[in-house]
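What follows is the residue order along each chain.
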Amino acid sequence: MAVAASPKRVKSVGNERLREALVGYAFILIPMGIFGLFFIYPMVYAFYVSAHEWGGLTGNAGFVGLDNYRELWGDKQFWDWPPRFHSATALWNTFYYALLVVPLQMALGLTVAVVVNNLLHARTFFRSAFYFPALTSSAAITAIAIYILNSQGLLNAGIGGVIGHDFNHPWFGDSSTALESIVGLNAWTTSGTMMLFYLASLQAIPTDVYEAAAIDAAGTWRTFWKITFPLLKPAHFFVAVVSVIGALKIFDQAFIISGGNGGPAGSTLTAVLYLYQVTIGEFNYGYGATVGVALFLIIFSLTLIQRLLFGKAEIGY
Amino acid sequence: MATRGSDEIPPPHLAGVGELAAGEQPAIGTAVPDVPGRRRAEVIRRVVLYSVLVALALLYFVPFFYTVLTSLKTEAEGLQGFKLFPDNPSLHAYRELFSNDSLPFATFFRNSLFLAGTIAVLEVIFCSLGGYAFARLRFPGREVLFMLVLATLMIPDQLRLVPVFLMLTDFPVTHWNLTQTFRGYILINIVTAANLFLMRQYFLTIPKDYEEAAKLDGAGYFKTYWRIMLPLAVPALAAVAILAFQGIWNDFFWALIILGLGDSSHLTVQLALSQFVGFYQGNWPALMAAATLAIAPVVVVYVFFQRYFVAGITSAGVKG
């Protein structure tokens, strides 16, 4: 090959650059097209639709400015002031659900992760096994829960056995326990995913920290609370963010146990179920888009607040 | 660490991709050095540990175990209150599911398999193409576009519901109505940012030497991608295929919006289940047979490829 760079060679380098760029654009053409069409454009379009009167039969019936947002502000089915739980309002039902399910699934996920991480044998087996519920579909899990939590079901039989007489509580059929039952169900299914995140972080803690603790004769319990738990701070943050976002989107289970109506007595009317009812049930696209925008803003600002509270998740020990 | 959008939630670390690359389970280091005089404490610790393990195992498995057992009972047996084992295990409930003409389970199962299989293949193709371009090819605007891809992870499905539904009802320019069609459902699921990200991270772990060698041999960009890089990225491709299959097989929200509003010919297994809850009220064995079949394909995939699942989930964040 020629050592001296000839003008021709310089030109071919330039061509090569152009070729590489063109190939790059060709490779990302379809993925970016999909992201643009079904993610980025809809984000703008949602705000546009929310500023219009837009129904299923009428189509776009004109610009109404912030009218839809004003209606949402006064919508007692969506939210009410002061906040009351068990009041059949979509937003407070959702917050109440998140408030219960997030700590529960984090605690369960962490417990399982710590147990699996301390096993001497069959760690991989148990890791896979405990992840199992997280793998199954929400619809199948909900059907199973409807069976196990029905008034003659396995759970009541178990409780009856413990307390010594028949116990026949319809967990999903009673408005005072329907949403709480979904909490239990989802804390259980989601904990597998939380376990994986915690396990990944547990394994990243260097063993010399534990060696130092053992030399100082710190007990197991103390070692966990004084060393492991604080060192997992980045994982706590990550898992909390993921859990909160997931909890606010609760829909499938509420839809299936109530047949889409949010019952009994509005107790499982979640924010996304309300969005579904407005959009698909009532063909009110303008108002549905408004509910969607409101949910987006709530999820987005909660993520920011969490980030401010916990600080940015930095890795490093 | 590689560039990353400031709004995106960073995974705790990228052990997942590392695990895929290593091809083996990472060793889990928890060994506590043996200190004399602590044997008794260690024994107590073990007893507590294994008691908790047994309790957790019961909590995690009994519901599934019970589901399968119930699916083998007769309808009358299912109503006898608490009863673990069927007297005469039979496949009666499964036959009932498949012989129901108004809610034909075989059709739903085929629909779900078709959608999950097709989308898994498409996601492998387009996430690997995009992931490779963002990892290796240099072109103006690459970083900005990649930020845009990651930013889509922050857009909740709920915000997209109305716009995407309206677009599918009356598709821009062509005016197609893509609701109640598999085309529409497949179209919005061709790529996901999480899987594209996973592919990009994996390609970044492959040494550049391979591509340089290919270039010296005169291979073009596409040939390098197709013949050199894809074979090296098989573990990540498997992870993407499996995550996509599972995600679509289990999907409820978008399936309901796009396929669930017309007649039952386009229902998926999961949508059918939500109707079975009402239809098979009191017929627990039939409902549990449906639940078992709705879980089975993912379990089969999981049993054979669980390493890819775990790695994919811990590296690319959460799906669904």
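None of the values given here were measured: they were computed from a predicted structure.

Quick notes on the overall build of chain B
Counting its regular elements, chain B contains 15 helices and zero strands. A buried classification covers 55% of the 320 residues belonging to chain B. Considering only intrachain contacts with a sequence separation of at least 6, the fraction spanning at least 24 residues in chain B is 74%. Surface summary for chain B: the accessible area is close to 13700 Å², and the carbon and sulfur share equals 66%.

Comments concerning the confidence of the model for chain B
All names here are of chain B. Of the residues in chain B, 85% have a pLDDT of 70 or more, and the chain-wide mean is 84. With pLDDT under 50 throughout, residues 1–15 is counted as low confidence; its partners more than four residues away or in other chains account for 38 contacts. Long-range and interchain partners of residues 23–30, a stretch whose pLDDT sits below 50, account for 17 contacts in this model, where long-range means more than four residues apart. Scored as a whole, the predicted complex attains pTM 0.87, and scored at its interfaces, ipTM 0.89.

Quick notes on the packing of helix H3 (residues 90–118) of chain A against helix H4 (residues 123–135) of chain A
Residue and element names in this part refer to chain A. Relative to each other, H3 and H4 sit at 160°, their axes nearing to 9 Å. What the angle tells us is that H3 and H4 run roughly antiparallel. The crossing of H3 and H4 is right-handed. For the pair H3 and H4, contact is made by Val112, Val116 and Asn117 and by Arg123, Phe126, Arg127 and Phe130, respectively. For the contact of H3 with H4, the residue count by class is four nonpolar, one polar and two charged.

Description of the pairing of strand E1 (residues 52–55) of chain A
Residues and elements named next belong to chain A. Inspection of the sheet shows E1 paired to strand E2 (residues 59–63) by three bridges, in the antiparallel sense. Across the sheet, the residue bridging to histidine 52 is phenylalanine 63, located in E2. A loop of three residues connects E1 with E2, the two strands running antiparallel in sequence.

Some details on the side chain of arginine 46 of chain B
Relative to the assigned elements, arginine 46 of chain B resides in helix H2 (residues 39–71). Residues within four places of arginine 46 of chain B in sequence aside, it is in contact with Asn118 and Leu120 of chain A.

Brief notes about the environment of arginine 123 of chain A
All names here are of chain A. Following the sequence through the fold, arginine 123 ends up in helix H4. When the C-alpha positions of arginine 123 and phenylalanine 251 are compared, they lie 33 Å apart, and in sequence the two are 128 residues distant. A polar atom in the side chain of arginine 123 sits 2.6 Å from the backbone oxygen of leucine 119.

Focus on the pattern of salt bridges
Residues and elements named next belong to chain B. Taken as a whole and judged by the stated rule, the model has seven salt bridges over all chains. The closest approach of N and O atoms between glutamate 211 and arginine 136, which form a salt bridge, is 2.7 Å. Here glutamate 211, found in helix H10 (residues 209–216), pairs with arginine 136, found in helix H5 (residues 105–136); they are 75 residues apart in sequence, far enough to count as distant. Here glutamate 143 makes a salt bridge to arginine 142, at a shortest N to O gap of 3.2 Å. Judged by relative accessible area, arginine 142 falls into the buried class, the value being 18%.

Quick notes on the rules
- Residues numbered from 1 in each chain as written.
- Chains lettered and ligands numbered in written order.
- Predicted model: local features only at pLDDT ≥ 70, side-chain atom pairs only at ≥ 80, totals over all residues.
- Heavy atoms only, no water.
- Helix = DSSP H or I, 4+ residues; strand = E, 2+ residues; numbered from the N terminus.
- Buried < 20%, exposed > 50% of the residue type's maximum accessible area, 1.4 Å probe, protein only.
- Contact = heavy atoms within 4.5 Å.
- Areas by Shrake-Rupley, 256 points an atom, 1.4 Å probe, with all protein chains shown as cover.
- pLDDT = per-residue confidence, 0-100.
- Axes fitted to C-alpha atoms, helices over the stretch in contact; angles between N-to-C directions.
- Parallel < 35°, antiparallel > 145°, perpendicular 65-115°, else oblique.
- Left-handed = near helix turned anticlockwise from the far one by under 90°.
- Nonpolar A, V, L, I, M, F, W, Y, C, P; charged D, E, K, R; others polar.
- Pairing = 2+ DSSP bridges.
- Polar contact = N/O pair within 3.5 Å; in protein donor to acceptor, adjacent residues only side chain to side chain.
- Salt bridge = Lys/Arg side-chain N within 4 Å of Asp/Glu carboxyl O.

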